[in-house]
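Observations on the model geometry
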Amino acid sequence: LYVTGSIYQAGTVEGSQTIELVAENVDTGEVTVVGSQETDDLQPGWYYLGVLNISYVPEAAGTYDLRLGDHDAGTVAVEAAYSDLQVISASTSAIDLIAGEEAFVTGSLYQAGTIAGSETIDLVAENVDTGEEIVLATQESPEVNAGWYYLGALNVSYTIDEAGTYDLRLGDHDAGTV
């Protein structure tokens, strides 16, 4: 994030000054200097609008009160960075198979987290009669940016060796019955 500010040279002598950006964690009370900027020589009696621009990258989630020099610069709430990749649709290429025949499941993804990420996703078959679950295949997803959809991102091949009726699941999403 960027904090911008203006300054006024109230002194009687031209000079520069270092202005600090300070963050105080509201929960812990910890105060940290997170950035600073050295000004050019400032003329007495002059306003310098927008001359300060200090960047700050919070390292931990929390709520922070910011001060630029002696002035309140606002409060910022920082969320934790996390990846939450979700399978949003999945379907199988066939619904009738012969034991040992290869088929595939295609799936689409959505990144509901706050950062880009990838995930290992399992294709699971549950035997409808016995309730037994078998992991048929595992695939590493491509990296997906926060808030993005990736349609058709997964194409997972599988074979089922024993006859029966199976419910397929790609990640947490239903992929059909074979």
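The following paragraphs examine the structure supplied in this document.

Procedures and definitions
Residues numbered from 1 in each chain as written. Predicted model: local features only at pLDDT ≥ 70, side-chain atom pairs only at ≥ 80, totals over all residues. Heavy atoms only, no water. 1 Å grid on protein atoms, 1.4 Å probe; cavity = no way out; pocket = protein on both sides within 12 Å on 5 of 7 lines; lining within 4 Å. Points joined across faces, edges and corners; volume = space filled by probe spheres on them. Helix = DSSP H or I, 4+ residues; strand = E, 2+ residues; numbered from the N terminus. Nonpolar A, V, L, I, M, F, W, Y, C, P; charged D, E, K, R; others polar. Buried < 20%, exposed > 50% of the residue type's maximum accessible area, 1.4 Å probe, protein only. Contact = heavy atoms within 4.5 Å. Core = buried A, V, L, I, M, F, W, Y, C linked by side-chain atoms within 4.5 Å. Pairing = 2+ DSSP bridges. Axes fitted to C-alpha atoms, helices over the stretch in contact; angles between N-to-C directions.

**Topic: the layout of surface pockets**
For the largest pocket, the calculated volume is near 370 Å³. Lining the largest pocket we find 17 residues, and of these Ser-6, Ile-7, Ile-19, Asp-70 and His-71 sit closest to its centre. Take the lining of the largest pocket: its biggest share by element is four residues, from strand 1 (residues 2-8). Within this model, the second largest pocket holds a volume of roughly 210 Å³. Contributing to the lining of the second largest pocket are Ala-23, Asn-25, Glu-30, Thr-32, Val-34, Tyr-56, Val-57, Pro-58, Glu-59, Ala-60 and Tyr-64. Elements with a contribution of two residues or more to the lining of the second largest pocket: strand 2 (18-25) and strand 3 (31-38). For the lining of the second largest pocket, the residue count by class is seven nonpolar, two polar and two charged.

**A word on the environment of Ala-146**
As for its position among the elements, Ala-146 is in the loop between strand 10 (133-140) and strand 11 (149-159). The class of Ala-146 is partly exposed, set by a relative accessible area of 31%. If sequence neighbours within four positions are ignored, Ala-146 has contacts with Gln-111, Gly-113, Thr-114, Ile-115 and Ala-116.

**Describing the nonpolar core**
Val-105, Leu-109, Leu-123, Tyr-158, Ile-160, Leu-168 and Leu-170 are the most contacted members of the largest nonpolar core, which totals 22 residues. For this core, the secondary structure elements donating two or more residues are strand 7 (85-92), strand 8 (102-111), strand 9 (120-127), strand 10, strand 11 and strand 12 (166-170). Residue contributions to this core peak at four residues, all from strand 11.

**Description of the sheet that holds strand 9**
Ordered in space as 10-9-12-13, the four strands form an open sheet in which the pairing is antiparallel. Across the chains shown, the open sheet's two edge strands, defined by having one partner strand only, are strand 10 and strand 13 (173-177). Shown here is a sheet whose adjacent strand axes are inclined to one another by a mean of 20°, direction ignored. Pairing between strand 12 and strand 13: four bridges, direction antiparallel. Looking across to strand 13, one finds that Leu-170 is bridged to His-173.

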